[in-house]
Amino acid sequence: MAKTHSQTSEAEPGVVEQFDVIVIGAGIAGLYQLYRIRELGLSVRCFEDGGDVGGTWYWNRYPGCRFDSESESYGYSWSKELLQEWDWKEHYSGQPENEKYLRYVTEKFDLRKDIQFNAHVTSAVFDEQANCWTIQLESGQRVRAQFLIAAVGLLSARHTPPFEGMDSFEGESFHTSRWPQEKVDFTGKRVAVIGTGATAVQLIPEIAPEVGHLTVFQRTPNYCAPCRNSLVTAEEQAHWKATYDKIHKRIRETPVAFKYNFDPRKTFDVPKEERLAFYEDLWSKPGFTKWLSNFHDIMTDREANEDFAEFVRDKIRARVHDPVVAEKLVPKDHPFGSKRIPLETNYYEAYNRDNVLLVDVREAPIQRITPKGLETTEQEYEFDMIIYATGFDAVTGALTRIDIRGEGGQTIQDKLANGPRNYLGLQIAGFPNFFTAINGVFCNYTVCTESIVEWIADCIVHLREKGFQRIAPKPEAEEAWIEHINTVAEGAIYTQAKSAWFMGTNIPGKRRATLLNPLPAPEYRAKCTEAATNGYADFILQ
Ligand code: NA7
């Protein structure tokens, strides 16, 4: 394929390099996208905010950070050689190992030479005459490219609640998603953790034995389920390597691309005793089994959901010694599975320690951060360290933090003000030659992302082969898609939590919307394939 790469451009003064494609982000999606584009023989540059590759697995290096997907299902499936070379050490691999894996991939496929690190993209403006994007970095550097691919992550735009007085705090403070490279010393320190989502649930039991004292500020308790992580044996490793084809086939067939699938029986069709035995069996197994192998109607029928939710509540009560603390840890205001289930190891036992205190901020909201610590409506606390485990402005947040301007100068902020607007999560009407390689599907990340990355690469091949300069979805196709996913999501259990990143309701002022595509992954993949094989009929090609 004809490749464009020039060092100077007459089109605009100050622009020094012109590429066929720019990829933003060198995480799971960005690395594979870079590889695919380069394999096409096109010129490509990847801009990465971080100092190295990894995205999520670069930034989230807090103690305890690990997969909630099975390791053998999370790695890339696109290189048989890689699958045979890489040994996963744990069934739910930890951040250090995950980062090592992505560095290994980077070296193996010689990706580093096309990645610019510490490169923060501030704006991207579409030039309608030239059918080209001008991309500007914080450093002032500008480049141009025909195609712009945002592989910026679903959960990458950090959310820190704007507490009054945050800057006045005299101790150390960290957000879990921007954890320092250097080891943080907790010894003897008085530490606060704000938030009890999946991140905090991994972090708390890791640091509790090290800190002097830990105070956890909880707004909403979660249904946390035992991860039951373990080391991978040589036999298991060998078995995976011999059966990766089967493993990938299986996860491509299930609705959420995990190895699990929901039980076809309905909760109340199964007699109580048998049901409890089934729940106990699920509970004894690792990972999301308790969620994704459960009766299918727990995700649609509130009463069925409540039956299992009560089982989980009793599991929590049984592990926490102080019944008052236990009751605070029991979720009651949202259905099981309406938020992604945090997988834990010794989380609840942390609250049995003398040096751990749970504060319910619904009873006593945080008023402000003070130079010495934190003040709730009831009390002042002094800390040496405050850890914000307060989550992300999910899905749209990483896009709207870049000043992206499409046709007629329209901004991405305006376009996404009421929630996602896109066609199949791949392209946005009015933003030609711009692709989002973030996986907007409710599922296991890598395997779903791979198909999106491949779709984008195939689309660029099609355009080049047919001599088209420009592609964007038809507005009516975008409208129909958004209506379709909203209809599918309507009434579903996962839309029902008061505060959840799935729906954007964790961010004050963010419009409630279905951020994740709720279609079963195979159905979604088939729709993407059809959108290409029908000659890109839902797109405007110029
Ligand atoms: P989450 O799941 O969004 O959790 C963030 C936590 O921070 C959650 O407990 C929030 O309470 C809490 N939070 C947010 N704002 C506040 C304020 N203002 N006061 C008190 N507490 C607050 O993010 P995670 O990083 O834990 O996990 C994200 C995903 O990463 C997860 O689903 C996995 O897929 C991996 P709330 O629940 O909103 O009441």
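### What to know about helix α1 (residues 28–39)
A rise of 1.5 Å per residue sets the reference length of α1, with its 12 residues, at 16 Å; its end C-alpha atoms lie 17 Å apart and thus fit the reference within 8%. Residues I28, A29, G30, L31, Y32, Q33, L34, Y35, I37 and R38 constitute the buried set of α1. One or two residues past the end of α1 sits G41, with phi positive at roughly 85 degrees.

### A short note on the pairing of strand β5 (residues 132–137)
Buried residues dominate β5, accounting for 5 of its 6 residues. With 6 bridges joining them, strand β4 (residues 121–127) and β5 adopt antiparallel strand pairing. Residue pairing in the sheet places A124 in a bridge with I135 of β5. With antiparallel pairing between neighbouring strands as the criterion, β4 and β5 make up a hairpin whose turn holds 4 residues, including N131 at a positive phi of roughly 55 degrees. Here β5 runs beside strand β6 (residues 142–150); their pairing, made up of 4 bridges, is antiparallel. Bridging from a neighbouring strand, W133 pairs with A145 of β6. Hairpin geometry of β5 and β6 is characterised by an intervening segment of 4 residues between the two adjacent antiparallel strands and by a positive phi of about 100 degrees at G140.

### Description of the domain arrangement of the protein chain
Domain assignment breaks the protein chain into domain 1 (5–157 + 394–469) and domain 2 (225–341). Just the C-alpha atoms count here: the centres of domain 1 and domain 2 sit 32 Å apart. Between domain 1 and domain 2, the residue contacts involve 24 residues of the former and 26 residues of the latter. Taking both sides of the interface into account, the surface hidden between domain 1 and domain 2 amounts to around 2,300 Å²; carbon and sulfur atoms contribute 53%. The largest per-residue losses of area from domain 1 upon contact with domain 2 belong to E72, H91 and Y92, which jointly make up 27% of the total buried on that side. Taken together, domain 1 and domain 2 are joined by 5 salt bridges. Residue D245 pairs with K80 through a salt bridge whose shortest N-O separation is 3.2 Å.

### Some remarks on the side chain of S293
Inspection of the secondary structure assignment puts S293 in the loop between α9 (289–292) and α10 (302–319). Dropping the residues within four chain positions of it, S293 is found in contact with Y260, N261, F262, D263, F278, L282 and F288.

### Observations concerning helix α5 (residues 95–108)
In this model, α5 (14 residues) spans 20 Å end to end at C-alpha, consistent with the 20 Å of a helix rising 1.5 Å per residue. When α5 is considered as a whole, its buried residues turn out to be Q95, E97, N98, E99, Y101, L102, V105 and T106. Packed against the buried residues of α5 are α1, α2 (56–59), α4 (80–85) and β3 (115–116). Of the residues flanking the end of α5, it is D110, one or two places downstream, whose phi is positive at about 50 degrees.

So, how was this worked out
- Residues numbered from 1 in each chain as written.
- Predicted model: local features only at pLDDT ≥ 70, side-chain atom pairs only at ≥ 80, totals over all residues.
- Heavy atoms only, no water.
- Helix = DSSP H or I, 4+ residues; strand = E, 2+ residues; numbered from the N terminus.
- Expected span 1.5 Å × (residues − 1).
- Buried < 20%, exposed > 50% of the residue type's maximum accessible area, 1.4 Å probe, protein only.
- Pairing = 2+ DSSP bridges.
- Domains from an automatic or database assignment.
- Contact = heavy atoms within 4.5 Å.
- Buried area = accessible area lost by both parts, 1.4 Å probe.
- Salt bridge = Lys/Arg side-chain N within 4 Å of Asp/Glu carboxyl O.

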